[in-house]
Amino acid sequence: MQKTTRRGIAAYGLALLAAPRLALGQGAAFPSRPITMVIPFAPGGPTDIVGRLMAEAMTKEIGQPVVVENTTGAGGTLGAQRVATARPDGYTVLLHHIGMGVIPTMYRRLSYDPVNGFEPLGLVTEVPMTLVTRKDIPANNLAELVAYMKAQGDRFNLADAGIGSSSALCGALLANAIGVKPTVIPFRGTGPAMQEILGGRVDLLCDQTTQTTEYIRAGQVKVFATPSRHRIATLPEIPTTTEAGLPGFEVTVWHGLYAPRGTPAPVCARLTQSLQAALREPRIVQRFAEIGTAPVSQADATPEAHRRFWTADIAKWKPVIEATASFAD
Ligand code: MLT
């Protein structure tokens, strides 16, 4: 039998101390505390709705609370900056949308790297948009709305969530297609913007079905078209903008999950695993369907597919943004 020496005991103790660190290095011990999911827009809006559903489902799967933090302002760039500059340990993640595809071109000056500052973890969903107005707008179809907007000039106002948001992208492309310059009223998200539409204080909002479905069904807003290639399965009565006589632009809002650049690969893999499990959850599938969307396929909920899609989206929007004067920052 080997004689136990003091040096042997010390070496054994050191090995024990090293074990948890090794496990953490391999990703096995992650996560050991709550994870913050940053949503770059206001509570109650479309990104928040998707993000909170995902946070709830990921919490169940990953065994630690995934808590939502709304870091709002500057068209979603402040929330993105918060995550790009966070410690890359997997405890701060970002749920962002199409803004990740347009911000690199729209903003010339940012205090974070809008492309290389992140590790994409997987796509989440794609959401159609709808053009909605206050209920008492004197127009009953898109042609009448266009005529009204032209007649009103800058007395017509349009809400959005700031340059970099999907509502701003869609609103600017709409104004461009019509050839009008409405007054733009920016909010920290379309959640608060929708309250102004419901209150009749703002005229138009281009927003995602994840928020608008409820108000369209309740007749609390007027809906004119969807800027999508196809009609929305859950709201089939709404024409596409092309069908309604305004071709030339399409916006669909994709969402993805990100970690800060430099997050260890095993930690990213664990987050992707949790994202994929959440997207398979029956409650997510059902709730997404009720608000006009669906989870992406498991093949698209991967870092590789996410990076490919994101890179292609930046390239797709670059010429469109450069040709649209109202996007200058
Ligand atoms: C939100 O969550 O408020 C919207 O997604 C912002 C936007 O218009 O893109």
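Preceding block: the structure.
Described in the following lines is the structure provided in the data block. Because the structure is a prediction, the values reported are computed rather than measured.

Definitions and cut-offs
- Residue positions are given per chain, counted from 1 along the sequence in the order it is written.
- Only residues with pLDDT of at least 70 get local features here, since the model is predicted, and only at 80 or more are side-chain atom pairs given and counted; chain-wide, interface and lining totals rely on the full set of residues.
- Hydrogens are left out, water is left out, and the side-chain values use all remaining heavy atoms of the structure.
- Per the convention used, a helix needs a DSSP run of H or I reaching at least four residues, while a strand needs a run of E reaching at least two, with both numbered from the N terminus.
- The buried label applies to any residue whose accessible area, calculated with a 1.4 Å probe on protein chains only, is under 20% of its type's maximum; exposed applies above 50%, and partly exposed to all values in between.
- Within 3.5 Å is the distance limit for a polar contact, defined as a pair of N or O atoms, with the added protein rule that one can donate a hydrogen and the other accept it, and that residues adjacent in sequence qualify only through two side-chain atoms.
- Throughout, a residue-residue contact means that at least one pair of heavy atoms, one from each residue, lies within 4.5 Å.
- Residue proximity to a molecule or strand is established when one non-hydrogen atom of the residue lies within 4 Å of it.
- Using a 1.4 Å probe, accessible areas were evaluated by the Shrake-Rupley method; residue-level cover was limited to the displayed protein chains.
- Domain ranges listed in this record stem from an automatic or a database domain assignment.
- Two cysteine sulfurs form a disulfide in these notes if their separation is within 2.5 Å.
- What counts as a salt bridge is simple: a side-chain nitrogen of Lys or Arg found within 4 Å of a carboxyl oxygen of Asp or Glu.

Following the sequence through the fold, glutamine 208 ends up in strand S7 (residues 204–208). Among the residues examined, glutamine 208 registers a relative accessible area of 2% and is labelled buried. At 3.3 Å, the side chain of glutamine 208 and the side chain of serine 166 are in polar contact. Setting aside its immediate chain neighbours within four residues, glutamine 208 contacts Pro46, His97, Val127, Pro128, Met129, Ser166, Val253 and His255.

On to the site of the ligand. In the vicinity of the ligand, the contacting residues are Phe41, Gly45, Pro46, Thr47, His97, Ala161, Ser165, Ser166, Ser167, Gly189, Thr190 and Gln208. Side-chain polar atom of serine 167 to an oxygen atom of the ligand: 2.5 Å apart, as the coordinates give it. The backbone of threonine 190 places a nitrogen or oxygen atom 2.7 Å from an oxygen atom of the ligand. Burial of the ligand by the surrounding chains reaches 100%, relative to a free accessible area of 270 Å². Contributions of two or more residues to the shell around the ligand are made by helix H2 (46–62) and helix H6 (166–178). Taken together, domain 1 (6–127 + 253–324) and domain 2 (128–225) each give at least three residues to the shell around the ligand, which thus spans both.

Note: disulfide means a covalent bond formed between the sulfur atoms of two cysteine side chains. Overall, the coordinates contain one disulfide when judged by the stated rule. Across a sulfur-sulfur distance of 1.9 Å, cysteine 170 and cysteine 206 are joined as a disulfide pair. Looking along the S-S bond of the cysteine 170-cysteine 206 disulfide, the torsion reads about 50 degrees, which is the right-handed sense. Placement of the pair is cysteine 170 in helix H6 and cysteine 206 in strand S7, with a sequence separation of 36 residues. Overall, cysteine 170 belongs to the buried group, its relative accessible area being 0%.

Before going further, it helps to examine the environment of alanine 161. The topology assignment puts alanine 161 in the loop between strand S5 (157–160) and H6. Taking relative accessible area as the criterion, alanine 161 reaches 4% and is therefore assigned buried. As a C-alpha pair, alanine 161 and glycine 75 span 86 residues in sequence and 5.7 Å in three-dimensional space. Apart from residues lying up to four places away in sequence, alanine 161 is in contact with Phe41, Gly75, Ser167, Phe187, Gly189 and Thr190.

With that out of the way, let us pick up the pattern of salt bridges. Across all of its chains, the model carries 14 salt bridges by this definition. Here lysine 60 and glutamate 281 are joined by a salt bridge, their closest N and O atoms 3.6 Å apart. Here lysine 60, found in helix H2, pairs with glutamate 281, found in the loop between helix H9 (265–280) and helix H10 (282–290); they are 221 residues apart in sequence, far enough to count as distant. With its nearest N and O atoms 2.9 Å apart, the salt bridge here joins lysine 318 to glutamate 322.

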